[in-house]
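# Structural description and commentary
Each chain is listed here by its residues.
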Amino acid sequence: MAAKRSSKKKTTSKKGAKKAAPKKAKAAKAKAAKAKPAAKRSAKPAAKVAKKAAPAKKAPAAKAKPPAPPKAATAGSKSRFVWVDLVTKDLVGAQSFYKSLMGWGTKDVDVPPPMNKYTMFNFNGEEFGGVIPLPMPEAPIHWLPYVLVEDVDQVTKRAKALGGQVFMEPSDIPNVGRFSVIADPTGGVVSPMSFLQPPKAQPAQGLVGPVAWCELITPDTAKAGAFYQDLFGWGRTEQKMPGMEDFAYHMFMAGDRQAGGMSGPMPNMNHIGWVTYFSVDNVDAKTEAAKGAGATQLVPPSDIPNIGRFSWLKDPQGALFALFKGGM
């Protein structure tokens, strides 16, 4: 009986185990089913976190700024007026006018085509300028001043960067040097020039030979002044003229020497550009002689208090020039 009872118990426990197994399996499935949505729910925020954690895209690289224009290699104390050329249509007629009026001499030198010949002006044995044909028929007749520089190419590039124009790219003058022709942003035309041999030192009075002064007439002294200061390394001062307190005159300085002048437009005058002043013994007499030789008077002989006397004229072909007598 004991054996039978024990076997019944074992059977009963087996049956209970069989019944319990499906229940445990169902419970496990239920837990798994509950776990799946939880996993899905937890996966979404994880993805969002992953997106947030992803490194930001690199912004496109900023465009490189263009390099600053090169600085001119000129030294301020060396940049000064050293030559003048008369650019005109009638070379023979122009030579005759100035030789007779001013007492200048001339000398012809051979140059490469298309000019073939270049005529230089001299005074008291010193060469200071020349006469050349118009580069094109529509070009204005004028006196062109040359400024001494160390590197014509670099100065010409700088002139472009500063808003100027280049009328002639750097060119060689055989056995002499190199030059170009440029205009400042307001219209003044000059020629930077370098020499193979150093030019003569600036005289105690005046600029070179009988050239007493070079002066820029411009509608915008601030713009033109900044251009020449940067290009040639000049200093600049502003002063009032005696008896003309409403008129501001600007002085360009090459080191401690006066290099040239600048002012706004003259009353009742439409000239814009550089004016070349030539030294004479008597402004009044020379002005009358110039008029008698076909020149046109623009400004009659006038005094500059404490400085000198001057007049403005146009030669028979239309080139503007000035006469000057210093000391009063």
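Residues numbered from 1 in each chain as written. Predicted model: local features only at pLDDT ≥ 70, side-chain atom pairs only at ≥ 80, totals over all residues. Heavy atoms only, no water.

## Considering the side chain of Gln317
Note the threshold: Elements are defined by DSSP. Helices are runs of H or I of four residues or more, strands are runs of E of two residues or more, and each kind is numbered from the N terminus. Classification of residues uses two cut-offs on accessible area relative to the type maximum, computed with a 1.4 Å probe and protein chains only: under 20% is buried, over 50% is exposed, and between them is partly exposed. We define a polar contact as two N or O atoms separated by no more than 3.5 Å, with the added condition that, inside protein, one atom must be a possible hydrogen donor and the other a possible acceptor, whereas residues neighbouring each other in sequence contribute only through side-chain atom pairs. Two residues qualify as a contact provided that any one of their heavy atoms is within 4.5 Å of a heavy atom in the partner residue.
Residue position: Gln317 is located in the loop between β15 (308–314) and β16 (320–326). Judged by relative accessible area, Gln317 falls into the buried class, the value being 18%. Among the polar contacts made by the side chain of Gln317, one reaches the side chain of Thr88 at a distance of 2.6 Å. Looking at Gln317, its side chain comes within polar contact range of the main-chain nitrogen of Asp90, at 2.8 Å. Every residue in contact with Gln317, bar those within four places of it in the chain, is listed here: Thr88, Lys89, Asp90, Gly93, Ala94 and Ile141.

## A word on the packing of helix α2 (residues 91–102) against helix α5 (residues 283–292)
Filter applied, for reference: Note on method: axes are straight lines fitted to C-alpha atoms, helices fitted across the in-contact stretch only, with angles between N-to-C directions ranging 0 to 180 degrees. Oblique is the label for any angle not under 35 degrees, not over 145, and not in the 65 to 115 range, which are roughly parallel, roughly antiparallel and roughly perpendicular in turn. The handedness criterion is simple: a crossing whose near helix is rotated anticlockwise from the far helix by less than a right angle is left-handed, and one whose near helix is rotated clockwise is right-handed. Amino acid classes used here: Ala, Val, Leu, Ile, Met, Phe, Trp, Tyr, Cys and Pro are nonpolar; Asp, Glu, Lys and Arg are charged; the rest, including Gly, are polar.
Direction vectors running N to C along α2 and α5 enclose 150 degrees, while the axes themselves pass 10 Å from each other. As judged from the angle between their axes, α2 and α5 are roughly antiparallel. As for how α2 packs across α5, the hand of that crossing is right-handed. Counted together, Phe97, Leu101 and Met102 of α2 and Lys286, Ala289 and Ala290 of α5 form the full contact between these two elements. Of the residues that constitute the contact of α2 with α5, the class distribution is 5 nonpolar, no polar and 1 charged.

## Considerations on the sheet that holds strand β3 (residues 117–123)
Threshold: Pairing between two strands requires that DSSP report at least two bridges joining them.
Ordered by their spatial adjacency, 8 strands build an open sheet running β2-β3-β4-β1-β5-β8-β7-β6, and the pairing between neighbours is mixed. Unpaired on one side and paired on the other, β2 (105–110) and β6 (165–173) mark the two borders of the sheet. When strand polarity is set aside, the average angle formed by the axes of neighbouring strands in this sheet is 25 degrees. With 6 bridges connecting them, β6 and strand β7 (residues 177–183) associate as antiparallel partners. Bridge assignment links Asp172 to a residue of β7, and that residue is Arg178.

## Re the confidence of the model for the chain
Put simply, the test is: Here pLDDT means the predictor's own confidence in every residue, given as a number from 0 to 100.
In this model, the chain carries a mean pLDDT of 82, and residues with pLDDT of at least 70 account for 74%. Here residues 1–55 is modelled with pLDDT under 50, and outside its nearest four sequence neighbours on either side it reaches 0 contacts, counting other chains as well. The model gives residues 57–76 a pLDDT under 50, and that stretch makes 29 contacts with residues more than four places away or in other chains.

## So, the pattern of salt bridges
Rules: Between Lys or Arg on one side and Asp or Glu on the other, a salt bridge is scored when a side-chain nitrogen of the former is within 4 Å of a carboxyl oxygen of the latter.
Within the structure shown, the criterion is met by 9 salt bridges. Across the pair Lys78 and Glu150 runs a salt bridge whose closest N-O atoms are separated by 3.3 Å. Here Glu150 lies in the loop between β5 (142–148) and α3 (152–161) and Lys78 lies in the loop between α1 (2–53) and β1 (81–88), a separation of 72 residues in the sequence. Between Asp303 and Arg309 there is a salt bridge; the shortest N-O distance is 2.7 Å. Judged by its relative accessible area of 44%, Asp303 is partly exposed. Overall, Arg309 belongs to the partly exposed group, its relative accessible area being 24%.

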